[in-house]
There are 2 protein chains.
Amino acid sequence: MDKADRRASLQELLKEHPFLTDEELADHFGVSIQTIRLDRSVLQIPDVRERTRALAEHNYALVRAIGSGEIVGELMTLDLGRNATSVLTTDAAMAFSKTRLVRSHYIFAQADSLALAVIDSDRAITGLSNAKFKRPVTAGERLLARAEVLRSRAPNESVVLVETTVGEDKVFRGKFVVNTETQKRDVEAVV
Amino acid sequence: MDKADRRASLQELLKEHPFLTDEELADHFGVSIQTIRLDRSVLQIPDVRERTRALAEHNYALVRAIGSGEIVGELMTLDLGRNATSVLTTDAAMAFSKTRLVRSHYIFAQADSLALAVIDSDRAITGLSNAKFKRPVTAGERLLARAEVLRSRAPNESVVLVETTVGEDKVFRGKFVVNTETQKRDVEAVV
DNA sequence: AAACCCATTAGAACCAAGTACTAGTAGTAA
DNA sequence: TTACTACTAGTACTTGGTTCTAATGGGTTT
């Protein structure tokens, strides 16, 4: 394996495993640490600590928004069983890099979370959804979602309407049928 | 501010800003670095590098799945304009902690991405969706999504059917109307 | 007042994973 | 032989720590 191959391979490897130290990389390629450092400096690849830090920082806000909270976006108001609102500030990480248009499932995620939040119940689950994305959202725009419980048909089934706006523009409208409890059997069957 | 207050406040602060070094913390609280280190050791809080590393590692897989790739899940097969399949292995981070049931928007995100991928076109955007979540998915289950283009009505509008299964079970079925190009005006209006 | 306790601070030695730089070797090409 | 390239070795220095020992300095108790 010559220099060019190694460097190409190094870049690939770090894309997959960004937490490898120079020492580990040196072992992996059977060269010295100095060689790895030379490679990194030529390829303009920062050190592990910087890579780790950048990754963590980059992902931090995003994950907080979409992954870790029960709500995607920030819950603003909540009248349990009636209505609720939440705000989600979109950013570049949520968008296609070429067009800067926010992936629709972020918009959906905000609406879906809000629909569940307004129903509450730890066991609330989306059973059905009907969504219209009215106009594309550009990274940076602030999404205001408003959820309203339309009716609670069966004791364990509610219909929630969610409308999302950016300023004056309606960007999303979705109806969610949220189930509670009923899943018990299914859940147990799964587990 | 006494010791107890400072330590409580330290924990809160690090929850919000996990990338602060001891030096920055010392400045913030107007005490010496040693005091901060004592506090950290008593509170069992690891150092910045470890905090950063843990955060990055924890978020990495998750963000790769939902945020950074154009596809949520891994694209398995793709016959452009006809059909495609992708796999998403769910994990605890995608689920409600109490019930271990995967949040429905992850399932939606996989389907939505796949619907866009099968249509291709960098400007593809979801215009409408119609989704049914047939049974809850438990963290750890492997979601196989299959997308099929039903018809391309207008030259810039396609209808895609996505069905997601876990083993033999159907867990999701959704229809997506995907638009291409048409958004141009809106997009420019937004920017 | 003297003795004591506690939180805080200082200082030294050490570590990991680097940067930046200098210098050397081994192999190949002109 | 000389020259060039790739690689390696070694030193001094940096950041952000750890671990340990040893002060300070204020408040409380005796």
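Only a predicted model underlies this, so the values are computations on that prediction, with no experimental measurement involved. Residue positions within a chain follow its written sequence, with the count starting from 1. Chains and ligands are labelled sequentially in the order written, the chains with letters from A and the ligands with numbers from 1. Per-residue local features of the predicted model are confined to residues with pLDDT of at least 70, and side-chain atom pairs are confined, for both listing and counting, to 80 or more; whole-chain, interface and lining totals are unaffected and use all residues. Just so you know, side-chain values use all the structure's heavy atoms and leave hydrogens and water out.

Asker: Just checking my understanding: could you explain the sheet that holds strand β2 (residues 83-89) of chain A for this structure?
Answerer: Sheets are built from strands paired through backbone hydrogen bonds, the pairs being either parallel or antiparallel. Only strands joined by at least two bridges in the DSSP assignment are considered to pair. Numbering of helices and strands runs from the N terminus, with a helix taken as a DSSP run of H or I at least four residues long and a strand as a DSSP run of E at least two residues long. Read from one edge to the other, the open sheet built from twelve strands follows the order β1(A)-β2(A)-β4(A)-β5(A)-β6(A)-β3(A)-β3(B)-β6(B)-β5(B)-β4(B)-β2(B)-β1(B), with strand pairing classed as antiparallel. Every other strand in the sheet has two partners, leaving β1 (74-79) of chain A together with β1 (74-79) of chain B as the edge strands with one partner each. For this sheet, the mean inter-axis angle between neighbouring strands, taken without regard to orientation, is 20 degrees. Direction of pairing for strand β4 (residues 142-152) of chain A relative to strand β5 (residues 157-166) of chain A: antiparallel, over a ladder of eight bridges. If you follow A:E148 over to β5(A), its bridge partner there is A:L161. Convention adopted: a line fitted to C-alpha atoms gives each axis, helices being fitted over their contacting stretch, and angles between N-to-C directions are expressed from 0 to 180 degrees.

Asker: When you look at the nonpolar core in this model, what are you seeing that I'm missing?
Answerer: With 66 residues, the main nonpolar core has A:V160 and B:V160 as its most contacted residues. We call two residues contacting when some pair of their heavy atoms lies within 4.5 Å. Apart from residues lying up to four places away in sequence, A:V160 is in contact with A:A115, A:V118, A:I119, A:A147, A:E148, A:V149, A:L150, A:G174, A:K175, A:F176 and A:V178. Throughout this description, the term nonpolar core refers to a set of buried Ala, Val, Leu, Ile, Met, Phe, Trp, Tyr and Cys residues connected via side-chain atoms within 4.5 Å. Only protein chains enter the area calculation, which uses a 1.4 Å probe; residues under 20% of their type maximum are buried, those over 50% are exposed, and those in between are partly exposed.

Asker: What should I look at first to understand the pattern of salt bridges in this one?
Answerer: Pairs can form between side chains of opposite charge whenever their charged atoms are close. Residues and elements named next belong to chain A. The salt bridge criterion pairs a side-chain nitrogen of Lys or Arg with a carboxyl oxygen of Asp or Glu, the two atoms within 4 Å. Scanning the entire structure with this criterion turns up 22 salt bridges over all chains. A salt bridge links D39 to R7; its shortest N-O distance comes to 2.6 Å. Of this pair, D39 sits in helix α3 (residues 33-43) while R7 is found in helix α1 (residues 3-16), placing the two residues 32 residues apart along the sequence. Taking the shortest distance from any N to any O, the salt bridge between R53 and E50 comes out at 2.9 Å. Highlighted residues: R53 and E50, both in helix α4 (residues 48-68), separated by three residues, approximately one helical turn. Residue R53 is classed as partly exposed on the basis of its relative accessible area of 30%. Linked by salt bridges that have partners in common, R6, R7 and D39 make up one network.

Asker: Explain helix α2 (residues 22-29) of chain A here, please?
Answerer: One turn of the α-helix equals 3.6 residues, which is why residues spaced by three or four share an orientation. Residue and element names in this part refer to chain A. Every buried residue of α2 is listed here: D22, L25, A26 and F29. When α2 is viewed along its axis, its buried side chains cluster within an angular range of 100 degrees and face the same direction. With respect to the buried face of α2, the exposed residues turned more than 90 degrees away are E23, D27 and H28. The secondary structure elements touched by the buried residues of α2 are α1 and α3. In the stretch just after α2, G30 is the one whose phi turns positive, near 65 degrees. Arc definition: directions from the helix axis to the C-beta atoms.

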